[in-house]
Amino acid sequence: MTRFLVGRVLLLAVGLLVASVIVFATLRVLPGDVAQVVAGPEATAAQVAALRQQLGLDQPVLLQYTDWIGGLFRGDLGRSLVTRGPVAPEIAGKLAVTLPLAGMSLAAALLLGVPLGVLAAVLRRRVGGAVIAFVAQAVAAVPIVWAGMLLVAVFAVTLHWLPTQGFPLDGWSDPERAFRALLLPALTIGAVEGAVILRFARSATLSVLDADHLRTAAAVGLTRTQALLRHGLPSVALTVLAVLGVQIAGLLVGAVVVEQVFSLPGVGRMLVADVGRRDVTKVQSELLVLTGLVLLVGFVVDLVHHALDPRQRKVAS
């Protein structure tokens, strides 16, 4: 276990390093002059040159990268090129919206995907199973923007149950209002991602239903349902857990889109705005934070999967 943990930690560190290089290099090759954008269209060439020097954009690219990475180790994500304010507190404030949204979306995806996936497998030879599988296939192909508009039309416009726009200005000081503001966006992401999880859960359940140990459990007196619940669902859970590491990336990408649709003040909405303003320092820090969250979740999923799956421990040993 120790060797496995050390290996995963090193892999996480290398992944973060590679991600930082890719993010930094990609933003530096984009067209346009950041100093010119910050200075404005009326600025003279001398003013632009002075601003470029003030922002450190005249330094060698390698030095800019090392300064940025050095600041990350100190918890300093740099300063905005537009507002000149520190980036770290602003990202932390936006994560207070994005992280709960991702967590609620994940909960919705699991609550929708796993039970319906198991049910679709159990009813595979009936009309109900075919309908569930077909609907899941269709929902998984729906763009998140369309799914959000559809849910708004049903739950907000028609039924008047949930708010559609914005987030409380006082944040989570009123947990009920904040939760209600995130509920419809979370259902939007959860429905699309849950349809994907449903397909994996259905496939895993079908494999378990045909397994020898399940037939043996049924032969010694258990009903088919009891055998599935006691001996089949743990295998299905491991399959779903393995998929979650990949699905988390989809959840965060979905959060970026959904925050635009529902006007949520999260990291995704801030990222889109900063890209338009060419605020390179903020954009690269925001992208690295989002990438780091994806890698960290994958790291945690790997550890949990390794701890729960005896086959993984056997291979590692």
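Residues numbered from 1 in each chain as written. Predicted model: local features only at pLDDT ≥ 70, side-chain atom pairs only at ≥ 80, totals over all residues. Heavy atoms only, no water.

1. So, the side chain of Thr188
Filter applied, for reference: Helix and strand definitions follow DSSP, with helices as H or I runs of at least four residues and strands as E runs of at least two, each counted in order from the N terminus. To sort residues, take the accessible area from a 1.4 Å probe on protein chains only and compare it with the maximum for the residue type: under 20% means buried, over 50% means exposed, and anything in between is partly exposed.
As for its placement among the helices and strands, Thr188 is situated in helix H8 (residues 175-209). Judged by its relative accessible area of 0%, Thr188 falls in the buried class.

2. Regarding the environment of Leu244
The line we're drawing: In what follows, residue pairs with any heavy atoms lying within 4.5 Å of each other are defined as contacts.
Its location among the elements puts Leu244 in helix H10 (residues 224-261). Using a relative accessible area of 12% as the deciding quantity, one classes Leu244 as buried. Along the primary structure Leu244 and Leu106 are separated by 138 residues, whereas in three dimensions their C-alpha atoms are 8.9 Å apart. Apart from the residues within four sequence positions on either side, Leu244 is in contact with Leu106, Leu110 and Ile197.

3. Thoughts on a nonpolar patch on the surface
Defined as follows: Note that patches include only residues with greater than 30% relative accessible area and no salt bridge, and the join distances are 9 Å for like charges and 5 Å for nonpolar side chains (Val, Leu, Ile, Met, Phe, Trp, Tyr). Surface exposure here means Shrake-Rupley accessible area, sampled with a 1.4 Å probe, where a residue is shielded only by the protein chains that are shown. Throughout this description, the term salt bridge denotes a Lys or Arg side-chain nitrogen within 4 Å of a carboxyl oxygen of Asp or Glu.
Together, Val127, Val131, Phe134 and Val135 make up a nonpolar patch on the protein surface, roughly 410 Å² of accessible area in all. Following the sequence through the fold, Val127 ends up in helix H6 (residues 127-140). Residue classification places Val127 among the exposed residues on the basis of a relative accessible area of 65%.

4. Considerations on H6
Every α-helix carries 3.6 residues per turn, so stepping three or four residues along brings you back to the same face. For the record, the criterion: Every helix has an expected span of 1.5 Å times one less than the residues it contains. Comment: arc refers to directions from the helix axis out to C-beta atoms.
The end-to-end C-alpha distance of H6, which contains 14 residues, comes to 20 Å, matching closely the 20 Å that a straight helix rising 1.5 Å per residue would cover. When H6 is considered as a whole, its buried residues turn out to be Gly129, Ile132 and Ala136. Taken around the axis of H6, the buried residues stretch over an arc of 65°, which confines them to a single face. Facing away from the buried side of H6, by more than 90 degrees, are the exposed residues Val127 and Phe134. Buried-residue contacts for H6 involve helix H5 (87-122) and H8.

5. A closer look at the confidence of the model for the protein
Put simply, the rule is: Confidence of the predictor at the level of single residues is given by pLDDT, which spans 0 to 100.
Across the protein, the average pLDDT comes to 81, with 90% of residues at or above 70. Here helix H13 (residues 310-316) stands out as the element of the protein with the lowest mean pLDDT, 56, in contrast to H5, whose mean of 89 is the highest.

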